Amino acid sequence: MTAPAATASTIDGGERPPRRLRPAPVTVVAFGMIAVAVAVRAWTASRGFLILDDFMLASRAMESDLSPGHLFTSVNDSHVMPAGLLVIWLVTHAVGLAHWPYVVLLAVGYAAIGIAFHRLLRTALRPGWGQLVPLGLLLFSPLSLEATSMALTGLTVLPMMLAVVLAMGAQIRYVRTRRRRHLVTLAASMVLGLLFFEKALLIAPLVFLLTVLLFTTGGPVRATRDAVRRFLPAWLTLTAVCLGYLALYTSIISSSAKEPTSAGTVFTFWHQLIGYTLVPGLFGGPWQWLPSADVAPLVATGVLPRVLAWVALAAVIAVTVRARRSTAVRAWLLLLAYVLLVCALFTLTRLSTDFAAWVGLAPRYVCDVLVVAAFCLGVALMGLRDTVDAPPAEPRRLPAFLRLPALLRLPALLRRQARPAVAVVLVGLVVSAAGSTVGFGDLWALKNGRDFLRTAQAELAKAPAGTVFLDAPVPETVQAPLFYPYHMYSRFFLPAKRRPTIVDMAEKPSVFDNSGRIRPAWVRGVDIRPGADPWCRTHKVAGGGGVRIPLASAVGDRRWIVRIGYLSGGGGETAAMLRLGDGTRWFTVQPGLHQLFFTLDGSGGEVELTLMDPDVWVCTNDITIGEAVAWP
């Protein structure tokens, strides 16, 4: 008998597994890259905390039952995300206002995206170390930093990114095998994305473009006709999913399409999204960030880095087209078509608001584009599995200053000197992205909401019994008034471990100052005009009647906090009423010198104070209508 093969040799006394059971070296390195990327993203995310939308949705979760009515409701009047709301409800009811569960969930989601994308590359591309280049782009590009750090953004964007990867893989397998089980995976991928983010509807045209451009031949008309005819079951599957979801979406939200404010707004958005955000982000940008309070920072790419990024993109396209001819051209056309789809979508849905001026600077709007860009780069570099590229064109003689010999040999280097070439490209990408990642993390770590909440919780823990609060708004640096009423104490603290006792009338109420410390309350707003009663030297209100007192200026119709300071005599307690327009509030007047705070709905330029007991009188020159603030 012959000796056993080398694969059965022993090392340190143990059997060496057969080669077919050992992972390929490329896979080992890929999983190492995924582990490093996930660790970096988890560390970056853990430096921050919940922000505006997160606080609002946590409060909504606490005041709602786990029911279809809660899950299938709109978020910010434009999003339908039942699966995301389910996650938020479960996390909030389990741990309250905590950020760490989202850090864990987003890290797991990012790992799943990396693993699924590596599998997609192995399915679609020719084997080789070059597959690690598009994987590195996907894992380390700063374009997805928001999605791996912000709770709500991550719960919408990461599932869509995963759905894009799974859908492309399912369609490629269906095109190659025609097995209908891949149609089930295709439909399930779209449903997964749509349960978290309505933007996942773009998966349908993306899959169609992928099929037409990469898996058919001929001109546009012939390729489209062949794709429709040959893969009709796939299009029927996607159409059924899309129509079903649109029926659900339109039953919840009337319309999210709105006209942009101007043509200039559209140009600015496209210029920012592509020129400032997307293209630099593909090469590790933006390298500079614009602080945005508690929200994730916006890109602030300089002029020179933008120019260099565009030059680098043009060089990559030129080199790959020279090496792969039609395959590379079709891959880059796929990326271009999807970028145009995304820009068109946001032009119709995001440019009619007050935030239109900076929407294009938010990387979260191109996270799905990053997936497509990485895949197209892989196709352009490595070519599709089981296909033959056209021979490269004869190189033209270029002027000496335009010759880039090393760059033009990149595809050949990836084949012949695979590991060194891939290592150089990946190191360059990681080094370029490192500065952007650290800069993002430093700004993300600054969280007014986290600091305010921690201080407020500590203050409530040591507050004396009987401490009560007026229902005032938290500081605007913590929660914006745009989220009314979820910026009020009564809603903001619902998911917190310790909640303030909220009252609508008190003699000595408290409020939180901007840092979260408990302070005596005061009212800042519109005062009454001074009175001139000869006995009170102020306004005097006799029992059994009312007196109209003018305000220094009129107030609008809303809920106000009123503070009244008064001196009362002539008897004991009596009921009193303060009227502001159509709004009235009853309270009790105590004998002596007192103050009282209470809420009152109304509007107008005067108040009317009425006493019920004819023996009681009140003198006051101290009535203020406004908002509760900390004692000055």
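All of these numbers come straight from a predicted model, not from anything done at the bench.

### What about the overall build of the chain?
Within the chain one finds 20 helices and 17 strands. Within the chain, the proportion of its 632 residues that are buried is 51%.

### A closer look at the state of the cysteines
Two cysteines whose sulfur atoms are joined by a covalent bond form what is called a disulfide. Evaluated as defined, the whole model comprises one disulfide. Paired through a disulfide, Cys-536 and Cys-619 show a sulfur-sulfur distance of 1.5 Å. Judged by the sign of its S-S torsion, about -40 degrees, the cystine formed by Cys-536 and Cys-619 is left-handed. A residue pair is termed long-range when its members are at least 10 positions apart, and Cys-536 in the loop between β11 (518-527) and β12 (539-542) and Cys-619 in strand β17 (residues 617-630) qualify at 83 residues.

### Here's the deal with the confidence of the model for the chain
Interpretation of the predicted coordinates at a detailed level should be avoided for regions scoring low in pLDDT. Looking at the chain as a whole, its pLDDT mean stands at 89, while 90% of the residues score no less than 70. Averaged over each element, pLDDT in the chain is lowest for strand β1 (residues 10-11) (34) and highest for helix α5 (residues 100-124) (97). Below a pLDDT of 50 lies the segment residues 1-16, which in the model reaches twelve contacts outside its immediate sequence neighbourhood of four places, other chains included. Ignoring residues within four places in sequence, the model shows residues 398-404, a span with pLDDT below 50, making two contacts including any to other chains.

### Here we look at empty space enclosed by the protein
Applying the stated criterion to the full structure yields two cavities of 30 Å³ or more. Taken as a whole, the largest cavity holds about 60 Å³ of empty space. Around the largest cavity sit Leu-50, Asp-54, Ala-58, Ile-88, Thr-92, Gly-96, Ala-98, Tyr-102, Ala-151 and Leu-152, which together line it. When residues of the lining of the largest cavity are traced back to their parent elements, those giving at least two are α2 (52-62), α4 (82-95) and α7 (151-177). Looking at the lining of the largest cavity, its residues break down into seven nonpolar, two polar and one charged. Contributing to the lining of the second largest cavity are Val-157, Met-160, Met-161, Phe-197, Lys-199, Arg-364, Cys-367 and Asp-368. Broken down by secondary-structure element, the contributors of at least two residues to the lining of the second largest cavity are α7 and α15 (367-382). Tallied by class, residues from the lining of the second largest cavity come to five nonpolar, no polar and three charged.

### With respect to the environment of Val-541
In this structure, Val-541 sits in strand β12. Along the chain, Val-541 and Cys-619 lie 78 residues apart, while their C-alpha atoms are 6.4 Å from each other. Leave out the neighbours within four places in its chain, and Val-541 touches Val-547, Leu-609, Leu-611, Val-616, Trp-617 and Val-618.

### Let's talk about the environment of Met-56
Checked against the element boundaries, Met-56 lands in helix α2. Sequence-distant contacts of Met-56, defined by excluding residues within four places in its chain, comprise Asn-76, Gln-479, Phe-483 and Tyr-486.

Definitions and cut-offs
Residues numbered from 1 in each chain as written. Predicted model: local features only at pLDDT ≥ 70, side-chain atom pairs only at ≥ 80, totals over all residues. Heavy atoms only, no water. Helix = DSSP H or I, 4+ residues; strand = E, 2+ residues; numbered from the N terminus. Buried < 20%, exposed > 50% of the residue type's maximum accessible area, 1.4 Å probe, protein only. Disulfide = S-S within 2.5 Å. pLDDT = per-residue confidence, 0-100. Contact = heavy atoms within 4.5 Å. 1 Å grid on protein atoms, 1.4 Å probe; cavity = no way out; pocket = protein on both sides within 12 Å on 5 of 7 lines; lining within 4 Å. Points joined across faces, edges and corners; volume = space filled by probe spheres on them. Nonpolar A, V, L, I, M, F, W, Y, C, P; charged D, E, K, R; others polar.

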